[in-house]
Amino acid sequence: MQTRTASLNGVPAIWWGAPSRRGFLYVHGQGGSKAEAASFAAAAEASGWQTVSIDLPGHGERTSEAEDLVPWRVVPELRGILAELRDRWDQTALFGSSLGAWFGLLAYPNAPLAGALLLSPVVDMEALIRKMMGWAGVTEARLAREGTIPTDFGQTLSWEYLQYVRANPIRRWTAPTAILYGGRDHLTDRETVEAFAARFSCRLTVEEDGEHWFHTPDQLAAVDRWQRAALADLG
């Protein structure tokens, strides 16, 4: 598959596949990078879609920008990227993984997307933060008092982040959407993703042996089957 690198809205990006008048923006999750889009981009190209993947702050070529991995900085960035892509493509769609899916939900509630594929999406960030607070034994009062609290599982709890999340819940989502959820996902509860899918008329596929991070050969094969089926549904 042919690839080229070029920035979008000042953000490092990889363009995958042959030029097309329709394409996907691929937004990775925490710990990922734009390079991980290769498998999806191959499936998308087979269905006539080009793919552009980007690095979120703190990832890939942007490791020095870790402090910018916050929604009040990422959301405007993603909106600028989509504006550029819409000038190049007649149809634009979204692939979002985990945290990247949540950023996409925040950035594009009213965007005229042709479709969206969400892999292990975080659909209720407040619920996830509260879960992590429970793991760390941190009360809301303590978080409000201290502002930020590092945890032994690698995440830093932030009062500012929690306040943003509460002020910006996902209230609207209009794109035709397919979701793949792992039955052993430890970050998002099954009831949470089922409620989201019902509310916004998403096609939910549950891979019972899947985890939040699909990584084994069988799990990756399930991702490939799901994304090819979802791409076929888009036409």
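Given the structure is predicted, the values throughout are model-derived calculations rather than measurements.

So, how was this worked out
Residues numbered from 1 in each chain as written. Predicted model: local features only at pLDDT ≥ 70, side-chain atom pairs only at ≥ 80, totals over all residues. Heavy atoms only, no water. Salt bridge = Lys/Arg side-chain N within 4 Å of Asp/Glu carboxyl O. Helix = DSSP H or I, 4+ residues; strand = E, 2+ residues; numbered from the N terminus. Phe/Tyr/Trp six-rings, centres within 6.5 Å; stacked < 30°, edge-to-face > 60°. Buried < 20%, exposed > 50% of the residue type's maximum accessible area, 1.4 Å probe, protein only. 1 Å grid on protein atoms, 1.4 Å probe; cavity = no way out; pocket = protein on both sides within 12 Å on 5 of 7 lines; lining within 4 Å. Points joined across faces, edges and corners; volume = space filled by probe spheres on them. Nonpolar A, V, L, I, M, F, W, Y, C, P; charged D, E, K, R; others polar. Arc of directions from axis to C-beta. Contact = heavy atoms within 4.5 Å. Pairing = 2+ DSSP bridges. Right-handed = clockwise from strand over helix to strand, strands pointing away. Core = buried A, V, L, I, M, F, W, Y, C linked by side-chain atoms within 4.5 Å. Axes fitted to C-alpha atoms, helices over the stretch in contact; angles between N-to-C directions. Parallel < 35°, antiparallel > 145°, perpendicular 65-115°, else oblique. Left-handed = near helix turned anticlockwise from the far one by under 90°.

Trainee: Sorry if this is basic, but what is going on with the pattern of salt bridges here?
Mentor: Charged atoms that come close allow side chains of opposite charge to pair. Inspection of the entire model under this criterion finds 17 salt bridges. Glu146 serves as the salt-bridge partner of Arg142, at 2.9 Å between the closest nitrogen and oxygen. With Arg142 and Glu146 both in helix 5 (residues 140–146), this residue pair falls four residues apart, about one helical turn. Because the salt bridges share partners, they merge into one network encompassing Glu126, Arg130, Glu140 and Arg166.

Trainee: What should I look at first to understand the packing of aromatic side chains in this one?
Mentor: Each aromatic ring pair is specified by the distance between its two centres and by the angle formed by the two planes. Counted under the stated rule, the structure contains 13 aromatic pairs. Arranged with centres 4.6 Å apart and planes meeting at 45 degrees, the rings of Phe40 and Phe95 form a pair that is tilted. Residue Phe40 is located in helix 1 (residues 38–46), and its partner Phe95 is located in strand 5 (residues 91–97); the two are separated by 55 residues in the primary sequence. Both residues of the pair, Phe40 and Phe95, count as buried. Relative to Phe153, the ring of Trp135 lies with its centre 5.5 Å away and its plane at 85 degrees, an arrangement referred to as edge-to-face. In this pair, Trp135 is assigned in helix 4 (residues 125–136) and Phe153 in the loop between strand 7 (148–150) and strand 8 (156–158), connecting sequence segments 18 residues apart. Note on Phe153: relative accessible area 30%, which makes it partly exposed. Joined through ring pairs, the aromatic side chains of Phe24, Tyr26, Phe40, Trp49, Phe95 and Trp226 make up one cluster.

Trainee: Which parts of the structure should I look at to understand the layout of surface pockets?
Mentor: Gaps between atoms show up when a probe of the same size as a water molecule is rolled over them. Volume-wise, the largest pocket comes out at about 770 Å³. In this structure, the largest pocket is lined by 30 residues; those nearest its centre are Gln30, Met132, Gln155, Thr156 and Tyr161. At the level of elements, helix 4, strand 8 and helix 6 (159–167) are the ones that each hand at least two residues to the lining of the largest pocket. Looking at which element gives the most residues to the lining of the largest pocket, the answer is helix 4, with five residues. For the lining of the largest pocket, the per-class residue count stands at 17 nonpolar, eleven polar and two charged. What lines the second largest pocket is a set of 19 residues, and nearest its centre among them are Tyr26, Glu36, Leu119, Phe214 and Leu220. Of all elements in the fold, only helix 1, strand 5 and helix 8 (217–234) reach the threshold of two or more residues within the lining of the second largest pocket. Sorting elements by how many residues they give to the lining of the second largest pocket places helix 8 first, with three residues. Here the residues of the lining of the second largest pocket sort into eight nonpolar, ten polar and one charged.

Trainee: Looking at this structure, I do not really get helix 1. What am I missing?
Mentor: At 3.6 residues per turn, the α-helix brings residues three or four places apart onto the same side. Taken together, the buried positions of helix 1 are Phe40, Ala41, Ala43 and Ala44. The arc that holds every buried residue of helix 1, seen down its axis, measures 165 degrees, which confines them to one face. For helix 1, the secondary structure elements touched by its buried residues are strand 2 (13–16), strand 3 (22–27), strand 4 (50–54), strand 5, strand 6 (116–119) and helix 8.

Trainee: Would you mind going over the pairing of strand 5 with me for this structure?
Mentor: Along a regular strand, successive side chains alternate from one face of the sheet to the other. Of all seven residues making up strand 5, six are buried, and the element is well covered by its neighbours. Of the pairings in the sheet, the one linking strand 3 to strand 5 comprises six bridges and is parallel in character. By the bridge assignment, Gly23 is partnered in strand 5 with Thr92. Pairing analysis gives four bridges linking strand 5 to strand 6, with the strands arranged parallel. What sits directly across from Leu94, in strand 6, is Ala116. In this fold, strand 5 hands off to helix 3 (residues 99–107), which returns the chain to strand 6; that crossover is right-handed.

Trainee: Hey, could you run me through the nonpolar core in this one?
Mentor: In globular proteins that are soluble, nonpolar side chains generally tend to be buried together. Grouped together as the largest cluster of nonpolar side chains are 57 residues, with contacts concentrated most on Leu78, Trp102, Phe103, Tyr108, Met125, Tyr161 and Trp173. Sorting elements by how many residues they give to this core places helix 3 first, with seven residues. Not counting residues within four places of it along the chain, the set of residues in contact with Tyr161 comprises Leu69, Val70, Pro71, Trp72, Leu99, Trp102, Phe103, Met125 and Ile129. One finds Trp16, Phe40, Ala41 and Val223 within the second-largest nonpolar core, a separate group that totals 21 residues.

Trainee: What should I look at first to understand the packing of helix 3 against helix 6 in this one?
Mentor: Helix packing for two helices is described by the angle between their axes and how far apart those axes are. Packing of helix 3 against helix 6 brings their axes to within 12 Å, and their N-to-C directions diverge by 50 degrees. Here helix 3 lies oblique to helix 6, going by the angle between them. As helix 3 packs across helix 6, the resulting crossing turns out to be left-handed. From helix 3, Leu99, Trp102, Phe103 and Leu106 reach across to helix 6, where they touch Tyr161, Tyr164 and Val165. Across the contact of helix 3 with helix 6, the residue classes tally to seven nonpolar, no polar and no charged.

So, to be careful, I would describe these as geometric facts and stop short of saying anything about function.
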